[in-house]
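The chain contents come next:
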Amino acid sequence: MPPPMSNRKTRTQNWTLFWCLLIFLFTQVYVLNTLFRPPSQPLKFAGKCAHGLVYVYELPPMFNSDFFTNCHDLDPWHSRCNAVSNGGFGPSAAAGISHLVGENLSAAWYWTDMFSGELIYHNRILNHPCRTLAPQSASAFYIPFYAGIAVGKYLFTNYTSVQRDFHCGEILNWVQNQQPWRRSNDSDHFMMLGRMTWDFRRSNDDDWGSSFVHMPLMKRIRRLTVERDPWDKLELGVPYPTGFHPNSRSEIDQWQRFISTYTRPKLFTFVGGRRPFKNDFRSILFDHCMNESSYCKLVDCSNNKCSDGTPDVLEAFLSSNFCLQPRGDAYTRRSTFDCMLAGSIPVFFWKRSIWNQYNLFLGEDPSEFSVLIDRKKVRNGTSVRKVLERYTFEEISRLRDKVISLIPKFVYSLNEGDYEDAFSIAIDGVMKSFKD
């Protein structure tokens, strides 16, 4: 016998009430989630993030901020506290160079350490317009590990390979347990190495540096580094930090006008020191410059006197048409960017000092802004002065104009400004690489 009509009507009403209540609850959950979910990016920057959003890991302090607490112990010879101060920019240099560049321009100058890139990149990326606080929205993940600072402490004294690798191994152990890493198996992660790549490529325990790059968990992490391995596609060479950190495009324009009209009484300059090695090429250039004092401005940087910059260095570059850039402990030098920043034309003796290093910032043809001289010929008696004297006024002007035009692309601004600086170009480049 079928149930009475009243029972069937009651059941129908109950089911209708149940579904209405369920729909109401789902609607409330959706609305609350939409209202209180942290935004993946500021709406005003939405059009700037064509290559996706970046998530910045919040690491345990032992991998970055703890180094500040013990900054006096980061170097066996002198304190590194100035180097890690002011977000990596270092102390103001205004008082020291105002007599060279004037009060207005000197405000943008700092005594910036050449290996401070990890701090600069970390502080800048925290305020990047494409940063997201929601890892599920990110296309890339930045690991703000201060690898160069961690490894640098152990490079120059009798530390073991275990000590040189300790922080590098620990950061990889930490990050591999994070959900974004497990999701992508590390293919969308990147970091900044503030030292040359060779400091992280130890093959044997008795060799120089850390084995960080060769650790298995590093096999797909992209790396920004001040000197890249030309054969490693995961590395992007980025400019060394200079001491000039403008806050706007107008400050850049003002500096470019200043150096474009600066009087340059010397043909070339050499900033460096002799080294106690047999047939050391830098010593050959040092002696050549000293013997050609009517043409060459010499700044003796023996005993590390020029490591963080000095007014003498800037003055020498400003006063010269060319600046000699031999390789040192590595192929590249921070001095190259200090030289170009002053409107001086860099002279290289090794192709690897510039070719295929900073293409994203300086272009693919260094001959447009620099000179290459065969070092073997110099060793055999060729005069650098005579080679440079062959350049006409027009050729020097063309090279200098190109150098000056590149300045906005290789300096690091104080903040996210109204032009693309080295930091924004680097981040855009690495984000694009994840899409390619």
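From a predicted model like this one, the values you see are computed outputs, not experimental measurements. (Residues numbered from 1 in each chain as written. Predicted model: local features only at pLDDT ≥ 70, side-chain atom pairs only at ≥ 80, totals over all residues. Heavy atoms only, no water.)

Scanning the protein for helices and strands turns up 17 helices and 10 strands. The contacts in the protein between residues at least 6 apart in sequence include a share of 72% that link residues at least 24 apart. Carbon and sulfur atoms make up 52% of the accessible area of the protein, which totals about 21,300 Å². (Helix = DSSP H or I, 4+ residues; strand = E, 2+ residues; numbered from the N terminus. Contact = heavy atoms within 4.5 Å. Areas by Shrake-Rupley, 256 points an atom, 1.4 Å probe, with all protein chains shown as cover.)

Next up on the list: the nonpolar core. One finds Y121, F190, V238, W255, L314, L362 and F410 to be the most contacted residues of the largest nonpolar core, which totals 66 residues. Membership of the second largest hydrophobic core comes to 33 residues, among which are F63, I171, W181 and M191. (Core = buried A, V, L, I, M, F, W, Y, C linked by side-chain atoms within 4.5 Å. Buried < 20%, exposed > 50% of the residue type's maximum accessible area, 1.4 Å probe, protein only.)

Among the surface-exposed residues, W77, F156 and W208 lie close enough to one another that they form a single nonpolar patch of about 380 Å² accessible area. Relative to the assigned elements, W208 resides in the loop between β3 (189-193) and β4 (222-225). (Patch = residues over 30% accessible without salt bridge, like charges linked within 9 Å, V, L, I, M, F, W, Y side chains within 5 Å. Salt bridge = Lys/Arg side-chain N within 4 Å of Asp/Glu carboxyl O.)

Take the state of the cysteines next. Considering all chains together, one arrives at 4 disulfides under this definition. Bridging C289 to C296, the disulfide has an S-S length of 1.8 Å. An S-S torsion of about -95 degrees defines the bridge between C289 and C296 as left-handed. (Disulfide = S-S within 2.5 Å.)

Bringing the sheet that holds strand β5 (residues 235-237) into the picture now. As a general point, the strands of a sheet are linked pairwise by backbone hydrogen bonds and lie either parallel or antiparallel. Overall, parallel pairing links the 5 strands, which are arranged β1-β2-β3-β4-β5 in an open sheet. Unpaired on one side and paired on the other, β1 (54-56) and β5 mark the two borders of the sheet. The sheet shows a mean angle of 25 degrees between the axes of neighbouring strands, direction not considered. Two elements, β3 and β4, share 4 bridges in a ladder whose sense is parallel. Bridged to M191 within β4 is R223. Helix-sheet contacts for helix α5 (residues 117-125) involve β1, β2 (140-142), β3 and β4, and the interaxial angle to β3 is about 135 degrees. (Pairing = 2+ DSSP bridges. Axes fitted to C-alpha atoms, helices over the stretch in contact; angles between N-to-C directions.)

An order of β7-β6-β8-β9-β10 is seen for the 5 strands of this open sheet, with the pairing classed as parallel. Whereas interior strands pair on both sides, the edge strands pair on one side only; in this sheet they are β7 (296-300) and β10 (371-372). Strand direction decides the pairing type here: strand β6 (residues 266-272) and strand β8 (residues 320-325), joined by 3 bridges, are parallel. Each bridged residue has a counterpart across the sheet, and for K266 the counterpart in β8 is S320. Strands β8, β9 (345-348) and β10 of the sheet are contacted by helix α16 (residues 393-410), whose axis makes an angle of about 100 degrees with β9.

A word on helix α11 (residues 311-318). Taken together, the buried positions of α11 are occupied by V313, L314, A316, F317 and L318. Looking at the buried positions of α11, the neighbouring elements they touch are α3 (94-101), α9 (249-260), β6, β7, β8 and α12 (334-341).

Below, the discussion takes up the confidence of the model for the protein. In this model, the protein carries a mean pLDDT of 89, and residues with pLDDT of at least 70 account for 88%. Overall, residues 5-9 carries pLDDT values under 50, and its contacts beyond four positions in sequence, including any with other chains, amount to 1 contact. Contacts from residues 26-46, a stretch scored under 50 in pLDDT, to residues over four places away or in other chains number 12 contacts. (pLDDT = per-residue confidence, 0-100.)

Bringing the pairing of β4 into the picture now. Alternating positions in β4 separate into two faces, R222 and L224 on one and R223 and T225 on the other, with burial throughout. Taken together, the 3 bridges between β4 and β5 define a ladder with parallel strand orientation. Opposite T225, over in β5, you have G237 as the bridge partner.

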